[in-house]
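Observations on chain architecture
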Amino acid sequence: MNILICIKQVPDMESKFKINGEGNWYDRADLAWRMNEYDEYAVEQAVRLKEQVKDADLTVLCIGPDQVTETMKKALAMGCDRGVHIADADSYKREPIEIASMIASFAKDKNFDVIFTGMQSQDRGSAQVGVMVAELLGIAAVTTIVGFAYDNGTINVKRELEGGSKALVTTTTPVVLTCQLGLNTPRYPTLPNIMKAKKKELLTLAADAGSVGSRQETAAFYFPEKKGGGIVLEGDAAELADKLIHLLKEKTGVLA
Amino acid sequence: MEFTREIYWNVGHGFTTLAPMYGLLLVALAVFALGFLKRIKVYRLGQPLDRTEQRGERIKHMLENVLLQTKVARVPGAGTAHALFFWSFVVLFIGTSLIVAQADFTDLLFDVKFLKGTFYQLFSLTLDLAGLVAVVMLGALLTRRYLIRPEGLVTKTDDALMHGLLFAILLTGFLIEGARMAVTEMGTPLAGWSPVGLAVAKMLGGLDEAGLRSLHAGLWWLHLVLALGFIAVIPYSKFRHIVTTSANAFLADRGPTGKLTTVNLEDETIEKFGASELSDLRWKDIFDADACTLCKRCQDRCPAFNTGKPLSPMQLVNQIGEVAFANPQANLIETIGRDAIWACTTCRACQDICPASIEHVNKIIELRRNLVLMEGEFPGDEVMAAMEQTEVNGNPLGMGYASRGDWAEALGVKPLADDPEVDVLYFVGCYASFDKRNIAVAKSFVKLCQAAGVKIGILGKEEKCCGEPMRKMGNEYLYQTLAMETVELIKGYGVKKIVTTCPHCFNTLNKDYRDFDFEVEVVPYAVFLEQLVASGQLALKPEAFACTYHDSCYLGRHNDIYDAPRALIRAAGGRISEMAQNRDQAFCCSAGGGRIMAEENIGERINVKRVEMAIATGAEQLLSNCPFCLTMFEDGVKGANAEEQLRPKDIAEILAERV
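Residues numbered from 1 in each chain as written. Chains lettered and ligands numbered in written order. Predicted model: local features only at pLDDT ≥ 70, side-chain atom pairs only at ≥ 80, totals over all residues.

Regarding its fold elements, chain A presents 6 helices and 11 strands. In terms of overall dimensions, chain A has a C-alpha envelope of 70 × 45 × 40 Å along the principal axes. Residues counted as buried form 36% of the 256 residues belonging to chain A. Within chain A, contacts between residues separated by at least 24 positions form 70% of all contacts whose residues are at least 6 apart in sequence. (Helix = DSSP H or I, 4+ residues; strand = E, 2+ residues; numbered from the N terminus. Buried ≥ 20, exposed ≤ 12 C-beta atoms within 10 Å, placed from the backbone. Contact = placed C-beta atoms within 7 Å.)

This part covers the overall build of chain B. A count of helices and strands for chain B gives 26 helices and 8 strands. Dimensions along the principal axes, computed over C-alpha positions, put chain B at roughly 100 × 60 × 50 Å. Across the 659 residues in chain B, those meeting the buried criterion constitute 47%. Within chain B, residue pairs in contact and separated by at least 24 positions form 80% of the contacts whose partners lie at least 6 positions apart.

For chain B, mean pLDDT is 97; residues scoring 70 or higher make up 100% of the total. The complex prediction reports pTM at 0.94, with the ipTM value standing at 0.90. (pLDDT = per-residue confidence, 0-100.)

Moving on: the sheet that holds strand 1 (residues 424–427) of chain B. Residues and elements named next belong to chain B. Strand order in the open sheet made by the 4 strands is 2-1-3-4, with parallel pairing throughout. Strands at the two margins of the open sheet, each flanked by one partner only, are strand 2 (456–457) and strand 4 (521–524). Pairing analysis gives 2 bridges linking strand 1 to strand 2, with the strands arranged parallel. By the bridge assignment, Leu 425 is partnered in strand 2 with Gly 457. Sheet strands in contact with helix 21 (residues 503–510) are strand 1, strand 3 (497–500) and strand 4, and its direction is about 160° off that of strand 4. (Pairing = 2+ DSSP bridges. Axes fitted to C-alpha atoms, helices over the stretch in contact; angles between N-to-C directions.)

Let us look at the nonpolar core. Within soluble globular proteins, side chains that are nonpolar tend to cluster in buried spots. Core analysis: the biggest nonpolar cluster contains 143 residues, and Ile 320, Phe 445, Leu 529, Leu 568 and Leu 655 of chain B have the highest contact counts within it. It is helix 15 (residues 360–375) of chain B that contributes the most residues to this core, 7 residues altogether. Apart from residues no more than four positions distant in its own chain, Leu 655 of chain B is found in contact with Leu 448, Leu 529, Leu 540, Leu 568 and Ala 572 of chain B. Counting residues in each nonpolar core, the second largest holds 56 residues, with Ile 5, Ile 63, Cys 80 and Phe 112 of chain A among its members. (Core = buried A, V, L, I, M, F, W, Y, C linked by C-beta atoms within 7 Å.)

Take the interface of chain A and chain B next. At the junction of the two partners, chain A supplies 15 residues and chain B supplies 19 residues. The element contributing the most residues to the side of chain A that touches chain B is helix 5 (residues 191–197) of chain A, with 3 residues. Broken down by class, the residue content of the side of chain A that touches chain B amounts to 6 nonpolar, 3 polar and 6 charged. (Nonpolar A, V, L, I, M, F, W, Y, C, P; charged D, E, K, R; others polar.)

Here the focus is helix 21 of chain B. All names here are of chain B. For helix 21, the buried fraction is high: 8 of the 8 residues fall into the buried class. When we look at burial in helix 21, the residues that qualify are Pro 503, His 504, Cys 505, Phe 506, Asn 507, Thr 508, Leu 509 and Asn 510. Structurally, helix 21 contributes buried residues whose contacts are with strand 1, helix 19 (468–472), strand 3, strand 4 and helix 25 (627–639).

All names here are of chain B. For chain B, the assigned domains are domain 1 (15–249), domain 2 (278–375), domain 3 (396–533) and domain 4 (539–656). Only helix 1 (15–43) and helix 8 (241–251) provide two or more residues apiece to the side of domain 1 that touches domain 2. Broken down by element, the residue count for the side of domain 1 that touches domain 2 peaks at 5 residues, all from helix 8. Split by residue class, the side of domain 1 that touches domain 2 holds 10 nonpolar, 7 polar and 7 charged. (Domains from an automatic or database assignment.)

The structure is reproduced here in structure tokens:
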């Protein structure tokens, strides 16, 4: 079984974000980097699938500047067999279709049975790359999966829908699956696997988006306007009740 | 008349006495040696470890612990009784040896007798009283074990054997003496020098001489067989502690206190990390089980055990022993249980009090290392998340690393990257950098340094967790990554002196980092400030207040710093009402051993229990010296519904209010 896992390196969301000089994305300074949370579920599911079927080869793919290989090493330590780094220092500017095209141009002649990826990235959050890859490769896609079972060529997944309802989908390979929170708990790499990961193949390829070019432009990039925050009332119970009633009368219509 | 007595009176000094006597002695010694040779084979199942360096110190430590019973006598009651029993038994042993020396050596070969005259009088009195003390102490210990039955004391058939055999030896000894005296010493001035023997002799007064002589001869042989039986049975019973516990005082870890072994992660031939099987442990870990006397002092002090968690340090050590001697292939982690392994706070209360020099903590760390490094297992998802946060942001709280130095911006304290010319580097630690409550402590410390005219700098966003909680949780790899980065960073700035407000950082930088060619002086803030106050460089305006003080495990038991913090509190005007468990007996706050990252899901909450001890002193403030303790106590006062009653504070805050 031939499996591809597409991951992205994203800033830790606790970082101090600043807007970059071009005014079209965040500045890279002072950021801590990690694997996109949803992609971690993708890696974990792929490794579990390999543990189940035994005979499988896992390729982890990541697009971005050289530093993304640090994040790829974690995927290799978790159990991926080889890494493909598509070098692109400007990946942050790319639209989802460009990213999807780069992945598709790599994957098109590799006969991947399953392609796992996150349902979206934590930074751009377009949630488009996975489905676009499937479209470009002409294969099926099932998005936002929170359950996965493989049995002899048949894949049963559980999808998360709006409003908390779930859908059960049965599909066959080849297929693209985008992973959502709740699918699994990603493992912590063991030390022997961290050591082995250092020796695994990690190829760096030039970016190739084919004929697809950018069609969008970021017009502006800004922090949300600061709105009034919450109010913390202090004092004893009687005092608090008076203050609360006063506020409800003043600022809301609930007591009207 | 010359004061003396006939040795071998009534039993004779001929071949028919000596041949069976020495024959039996040889048998006893052979059985003894065979027993230990068998056990040594089992100890050797463990990994090699050299515990023979610093030989002089080791011998001194052993003599102190064995002959003076220093550690045993630390606990009054049973400890005192054991020490007195031991000393009296040693006196009896020396007495018997002197008799053998005279009768079968000096007198036999050179016609020299020294058991006579005044020396014999004193010899007789000393042995008589030693026998009495031994009987009384044995009686006290027997009463404790079989009638009082302290909670948690494990009593096995071994204990019955020990008490029975020792009693029989002492009792037959007195009866022999009494029978002999009844025949030879009644009415002589010598009789008074054996008061107990005399009393026994009087009790035997009803027998005629023939009766006394046959009673004496029979008991003499019984006493001999019992005494030799005692020697023979040592390796096969709990008596073995006479040898193993004494030897363990020689083999004890010679520190630095609480420093863990650094795994060589560069060595690619190592395929297994930590311990899951007996053969992964060191031989000393197996030997420890044999040195354990089941005195339960560790268990009595263990914060995990005393709050209903499935960890007893005593049980854990003995489980390793049981595996070693009964089932060496067994999986140690399954045998001991994960919940027990994760429950340890590495507070060292067990190891500190152990009279047998057993090293409990590093065994637990080895088991944790196996779980983390080989299985990727943690006590909970929250701990795994904290590990990942530390990998990404350099702190287990998951705060963005770049804001690590923000708290200091308005205080005029700069990162070394901006101004490396400082008197000391303040290694802030994660909690004082990010946790709101502990930032107040960091600010107080800065205020104190500034008041004393000490220029401090911080590492700011370059600082990362020292790695202590991760290391204690078993994540040696993450610890070493953090440690090596920090060592390089600090060395790069040419720092001469480091001060910490976190005793975990202090202990790690000052001991664990020494394995990474790190030589910078590291001082905990309590000691640093105490020196500034003592020298007058830091002037305080004392204001009277009442408080109790909690010794953190890592300043206290791990580093023996008990007085400097108390001196600071007094200098600030504080009157300390000590908790019952203070100084080296202090009860952990719950957050050591990486438990700061873990939820406490089993049993009562340790921090609430400690807060309740503080409340019992009647003090209004609970002072401590550690960010983990402060965090736990802030939480603990809520848990104990005592927010109005007791305010947890750090010493630095109290001092900063008084400059």
